[in-house]
Structures are given as structure tokens and as C-alpha cells.
Amino acid sequence: MADDAQRRPEGQAGGAQSGQDRERDAVIHAKLKDGTLKIYELEKELMPIDAIRVRRGFIEQETGTKLENLGIFSIDVDRVTKRNCENMIGTVQVPVGVAGPVLVNGGCASGKYWLPLATTEGALVASVNRGCSAITKAGGADVRIIHDGMTRAPVFATDSVSHAAQVGDWVTVHRDELKAAAESTTSHGKLTDIVTFVAGTSVYVRLEFDTKDAMGMNMVTIASAKVADLIAQGTGARLIALSGNMCTDKKPAAINGIMGRGRSVVAGVALTNEQISTILKTDAKSLFEVNYRKNLVGSARAGAMGFNAHAANIVAAMFIACGQDAAHAIDGSTCITTVDQTETGAYVSVTLPSLPVGTVGGGTGVDTQQECLRLLGVAGSGTPPGTNAKKLAEIIGAGVLAGELSLLGALAAQHLARAHQQLGRG
Ligand SMILES: CC(C)(COP(=O)([O-])OP(=O)([O-])OC[C@H]1O[C@@H](n2cnc3c(N)ncnc32)[C@H](O)[C@@H]1OP(=O)([O-])[O-])[C@@H](O)C(=O)NCCC(=O)NCCSC(=O)C[C@@](C)(O)CC(=O)[O-]
Ligand SMILES: NC(=O)C1=CN([C@@H]2O[C@H](COP(=O)(O)OP(=O)(O)OC[C@H]3O[C@@H](n4cnc5c(N)ncnc54)[C@H](OP(=O)(O)O)[C@@H]3O)[C@@H](O)[C@H]2O)C=CC1
């Protein structure tokens, strides 16, 4: 943790610049302008808080834009400039709302949770809040992790299709050796599966890891580099790229939906007719029909890879609040939502095959994001390792279920436009 000087926003207590400071900044700006100093080298000469101010001042000059709000923040920039962001000039503030409490009956998460949602979309928090209320009144969401494994798939070039097939055979025979090499790079990660895919002379080796409480992309990438070197040495195949896109990271892909990636989560809740009527202002039949014609048939007709209403909304908002990699919101979009009519109402579920989340590493240590993780009781390493990340995945699964319930309800009741008129444009 850095001292207060590191966190002090310019313009707040002690942040006012003296004439001497301004002169020093002007000298550095001149060096940046003539290229004798690069903007990414500022931290070598200055404290991070000063490097950020000087860089921002330079960008203000270069673009003729005043950036006074970007310069107001409370996070520990000493840590962030080392681990999370290069060429930092400030922060963007995203409003965080809470929804809940939502009762979760999970394999790891158990109890009532307030969900932090970072968003600028009016009506989103209200919607999730309504869904949480429905879930909690219904006795809670059943949530389970059905698969857990982060993947990296290097691509190799071979001389012929028979050579490509040999690479697959070699990997099978040397599996234990590859596992030992991968696990020598990490004290937490475990190599749990290896699957090879061939396309002509290209071979993709999809390596899957249990990453415990880390989302794991750095951990898995480092371990995969070691494995890839052994495969190249042992088979004569040429390593073309450590990521061959069969991982698949940050692109929507059927393989993630079928085989899972990160934590695969299912969440479901049984609602009574009374709960559907009083909380969602609709009935089970309408909920079923909206889900069928919109989420299932509509998505199929559109060629969509997700069969849901707005799962990515909740995933993105919770990912941003909780320091997850925001690009992975794309994985949230592949959710499948189902509505089964029952004798007493409806059973609604969401299946998220790919939810890459962690409670250590990446952005989880940034002060504001860490507070959101603490709010959920999942910051840092779990006991045993892995349980905190699984808890977080289950809580997000319940949040997605809440969002789906509320939006399906609003669509069934013809309330969508009204809600956004009232809450999204005030
Ligand atoms: C807006 C509601 C919730 C009103 O819902 P309502 O049932 O008319 O309102 P209500 O006044 O009867 O309140 C019901 C509950 O909603 C919550 N609630 C109500 N108001 C608030 C508020 N101000 N702040 C926080 N929570 C609020 C709260 O839980 C409350 O219960 P209570 O606590 O009073 O017992 C509802 O109409 C709704 O959920 N609409 C759907 C809005 C939505 O989901 N928008 C988000 C995404 S839309 C989008 O981005 C994707 C899209 C649509 O394009 C995807 C697609 O193609 O489908
Ligand atoms: N490299 C890439 O290709 C990509 C990187 N990213 C970025 O990667 C970052 C996330 O990578 P990730 O590997 O999760 O994070 P970090 O790189 O921050 O590493 C996490 C490390 O924390 C250590 N650790 C301590 N306690 C635990 C615990 N309880 N469970 C698991 N690990 C623990 C592990 O060390 P040890 O291994 O020594 O045990 C682990 O490797 C994000 O910033 C993301 O944006 C995203 C996509 C691609």
C-alpha cells in the first residue's frame, strides 16, 4: 500500500502546484515534445503520482483539451502503474449501484449478497434489483459450477497432415511430462486437460488449467510457453503462436460454449404464479412465450451465439466493479436462458458456459475494485484456494438470473420502453 502522497489527487489537500513545480513540469514537457524523453519513461524519473500529472499535462497541451476530472482519484497509483496500466493519465469514474440482497444457495456461495454493478445504463440496476427481490422471495437461486478450467491453445505448423497427426499422438504419450513442465511455473495452477485439434498442417493444443482463485490468463500463458517449447522440441513442429485462437480468449466462440472456459455456471429459481404476478407484473405463460420466441427462436433466426436477453449487461457491470477483465464480458453474452412452466409457476434458469473470473491478480487489487470484492466477501485467496473465485462466479450467476427474470418480465408486461423512459432519461 502506498502512502497518502501516492493517492493524493491533484487539486486536493496538498496537491496544489507551486511555481517551482510548474517550472519543473514545463522542462519535462519540453523533453517530451522534442522526443528526448518518452511519455512511458516518466515513472523512471518521477513518483507515479507526479508522472501521471505531468503526462496528463502534456496530453492536455498536445490536444488542447482540459482533463481536470481524469486527474481526480483515490486509488493507489503506485501499484496500478506497475501492474495494471501503462502511460496512465488518470481514471474514468463509472457509477456503481447495488442490487439485492439476493439469496444464493450455491455450491460455494451461500447467503444473501448485495451485488455491486458499475454501469451508466439507467434502469439496469433497478432491473437487477427487482430480479434479486424475486429470487430472494422465492427462497433463493440454486447455483452450481459445472466445469472449471482456463485454457490456452498454442498453434504449431507441421510439414504434412501425417506429421500433424503424429504431434497429437506425441502429446498424448508425453502428457505427464508436459503436466510437470507446466506446473513447474506456478505454485497454484494445475494442468487438468490437453486436447489437440488438427486443421490440415496446423495443430492446436488446447491446454486447460485449474487456476484456483486467479482468473489465470497470465498464469496459464506462462505455463503454456513451457509446454509449447517441449512440444516443438519433441515433434519438430514449429510453434507459430502461443495463442492460436482455439483457446478462445476474448472472441465469441462455440468451443467455449461447448467445452467451457473459466468457470461454467448454472443458476435457477422456481417462482410461484403469485411471485411472477406481484413482482414481475406478468404470468408464467407469457414469461415462457417471451423466452421461447425471443431468447430461443429469435436468437436462432439471428444466428446469435447467445440465447438470452441481456446477460452481458450484468456480467460487464459486475466485472467492471470487481476488477475483472472487461473484455471477457463477451463470454457472458453466450448465456442460455430457459423458462419451464411448472404446476405452480415457472422455473427459470441461466447457463453461463464461460465466466473467466478471479479474486486475486489482474485488476482485483485496485482499491475500489477490491472494496467491491470485499463487499461480496470474496477478496483474495479462498480457503482452500479456488473457493473465492468459485463463489464470485456463483454470485455473478445469480445476478445474471436476476437480470434475465426482470427483463423477461418487463418485456412480457410491455414495460421495457416505459422503464427506460422513466429511469434512463431523467
Ligand atoms: C424498471 C423496472 C424494475 C420497474 O419495475 P416495476 O415492477 O414496474 O416497478 P415497481 O415500482 O413495482 O418495483 C418493483 C421492484 O423493482 C425494483 N425497483 C424499481 N424501481 C427501482 C429503482 N429506481 N431503483 C432500484 N430498484 C428499483 C425494486 O426491487 C422494486 O421492488 P421493491 O423493493 O419496491 O419491493 C422494470 O420495468 C424493469 O426491470 N424493466 C427492464 C429494464 C431492464 O432490464 N433494462 C436493462 C437492460 S435493457 C438492454 O440493455 C438490453 C436489451 C433490452 O436491448 C436487450 C434485448 O434486446 O432484449
Ligand atoms: N497473458 C495473456 O495472454 C493475457 C493476460 N490477461 C490479463 O491477465 C491478468 C490475469 O491473469 P492472472 O494469471 O489471473 O493474474 P496474475 O498475472 O496477476 O497472477 C495471479 C497469480 O497470483 C498467484 N496467486 C496467489 N494466490 C493465489 C490463489 N489463491 N489462487 C491462484 N493464484 C494465486 C499465482 O501465482 P503462482 O502462479 O506463482 O502460484 C498466480 O499466478 C489480467 O490482468 C488480464 O487482463 C488477459 C488475457 C490474456
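Residues numbered from 1 in each chain as written. Chains lettered and ligands numbered in written order. Predicted model: local features only at pLDDT ≥ 70, side-chain atom pairs only at ≥ 80, totals over all residues.

### Examining the overall build of the protein chain
Link 1 in the chain: Assigned secondary structure in the protein chain consists of 17 helices and ten strands.
Link 2 in the chain: Projected onto its principal axes, the C-alpha coordinates of the protein chain cover approximately 75 × 65 × 40 Å.
Link 3 in the chain: A burial count over the protein chain gives 46% of its 426 residues as buried. (Helix = DSSP H or I, 4+ residues; strand = E, 2+ residues; numbered from the N terminus. Buried ≥ 20, exposed ≤ 12 C-beta atoms within 10 Å, placed from the backbone.)

### Describing helix α11 (residues 273-280)
Link 1 in the chain: Restricting attention to buried positions, one finds in α11 the residues Gln275, Ile276 and Leu280. One side of α11 carries all its buried residues, which in axial view fall inside an arc of 100°. Exposed residues pointing more than 90 degrees away from the buried face of α11 are listed as Glu274 and Thr278.
Link 2 in the chain: Check the buried side of α11 and you find it contacts α6 (124-137), β8 (261-272), α12 (284-302), β10 (345-355) and α16 (387-412). (Arc of directions from axis to C-beta. Contact = placed C-beta atoms within 7 Å.)

### Re the site of ligand 1
Link 1 in the chain: By nearness alone, 20 residues border ligand 1, and Ala126, Ser127, Arg130, Ala410 and Ala419 come closest of all.
Link 2 in the chain: Sort the elements by how many residues they give to the shell around ligand 1 and α6 lands first, with seven residues.
Link 3 in the chain: Here the shell around ligand 1 is composed, by residue class, of ten nonpolar, seven polar and three charged. (Near = placed C-beta within 6 Å. Nonpolar A, V, L, I, M, F, W, Y, C, P; charged D, E, K, R; others polar.)

### Side note on the nonpolar core
Link 1 in the chain: Core analysis: the biggest nonpolar cluster contains 101 residues, and Leu117, Ile135, Val315, Met318, Ala398, Val400 and Leu401 have the highest contact counts within it.
Link 2 in the chain: The greatest single-element share of this core, amounting to 14 residues, is contributed by α16.
Link 3 in the chain: In terms of domain composition, this core takes at least three residues from each of domain 2 (96-148 + 253-423) and domain 3 (154-241).
Link 4 in the chain: Dropping the residues within four chain positions of it, alanine 398 is found in contact with Val102, Val104, Ile135, Ala141, Val143 and Ala267.
Link 5 in the chain: Ranked by size, the runner-up nonpolar core spans eleven residues in total, among them Ile49, Val54, Phe58 and Met88. (Core = buried A, V, L, I, M, F, W, Y, C linked by C-beta atoms within 7 Å. Domains from an automatic or database assignment.)

### Some thoughts on unusual backbone geometry
Link 1 in the chain: For the peptide bond that leads from glycine 100 to proline 101, omega is 0°, which places it in the cis range.
Link 2 in the chain: By the secondary structure assignment, proline 101 is in strand β1 (residues 96-106).
Link 3 in the chain: Here the amide bond leading from threonine 383 into proline 384 is cis, since omega sits at -5°, within 30 degrees of zero.
Link 4 in the chain: Inspection of the secondary structure assignment puts proline 384 in the loop between α15 (367-375) and α16.
Link 5 in the chain: Of note, the phi angle at asparagine 87 is positive, near 55°, even though the residue is not glycine.
Link 6 in the chain: Mapping asparagine 87 onto the fold places it in the loop between α5 (77-83) and β1.
Link 7 in the chain: Judged by C-beta crowding, with 14 C-beta atoms within 10 Å, asparagine 87 ranks as partly exposed.
Link 8 in the chain: With a phi close to 75°, asparagine 245 is a non-glycine residue in the positive phi region.
Link 9 in the chain: As for its position among the elements, asparagine 245 is in the loop between β7 (238-241) and α10 (254-259).

### What to know about the environment of lysine 391
Link 1 in the chain: Looking at the element boundaries, lysine 391 is found in helix α16.
Link 2 in the chain: Take lysine 391: there are 27 C-beta atoms within 10 Å of it, and that puts it in the buried class.
Link 3 in the chain: Excluding its chain neighbours within four sequence positions, the residues that come into contact with lysine 391 are Cys108, Ala109 and Val378.

### What to know about the environment of valine 220
Link 1 in the chain: Checked against the element boundaries, valine 220 lands in helix α9 (residues 217-235).
Link 2 in the chain: Judged by C-beta crowding, with 26 C-beta atoms within 10 Å, valine 220 ranks as buried.
Link 3 in the chain: C-alpha separation for the pair valine 220 and threonine 151, spaced 69 residues apart in sequence, amounts to 7.0 Å.
Link 4 in the chain: Leaving out residues up to four positions away in the same chain, valine 220 has contacts with Met150, Arg152, Gly189, Phe209 and Thr211.

### Some words on the site of ligand 2
Link 1 in the chain: As a matter of local geometry, ligand 2 sits amid 22 residues, with Thr186, Lys212, Asn218, Gly361 and Gly362 nearest to it.
Link 2 in the chain: Partitioned by chemical class, the residues of the shell around ligand 2 number six nonpolar, twelve polar and four charged.
Link 3 in the chain: When residues of the shell around ligand 2 are sorted by domain, at least three fall in each of domain 2 (96-148 + 253-423) and domain 3 (154-241).

### Some remarks on the pairing of strand β3 (residues 141-152)
Link 1 in the chain: Most of β3 sits out of view: nine of its twelve residues are buried.
Link 2 in the chain: Note that β1 and β3 share three bridges and pair parallel. Bridge pairing in β3 links valine 104 to alanine 141.
Link 3 in the chain: Relative to β8, β3 runs antiparallel, the two sharing seven bridges. From the neighbouring strand, aspartate 142 faces β8, where its bridge partner is glycine 268.
Link 4 in the chain: In the sheet, β3 pairs with strand β6 (residues 202-210) via three bridges, with the strands oriented antiparallel. Within the sheet, the bridge partner assigned to methionine 150 lies in β6 and is phenylalanine 209. (Pairing = 2+ DSSP bridges.)

### Considering the packing of helix α7 (residues 161-173) against α9
Link 1 in the chain: Running from amino to carboxyl end, α7 crosses α9 at an angle of 120°, the nearest separation of the two axes being 10 Å. Here α7 is positioned oblique relative to α9, judged by the angle of their axes. You can see that α7 and α9 cross each other, and the crossing is right-handed. When α7 is examined against α9, the residues Gln166, Val167, Trp170 and Val171 are found in contact with a partner set consisting of Ile231, Gly234 and Thr235. (Axes fitted to C-alpha atoms, helices over the stretch in contact; angles between N-to-C directions. Parallel < 35°, antiparallel > 145°, perpendicular 65-115°, else oblique. Left-handed = near helix turned anticlockwise from the far one by under 90°.)

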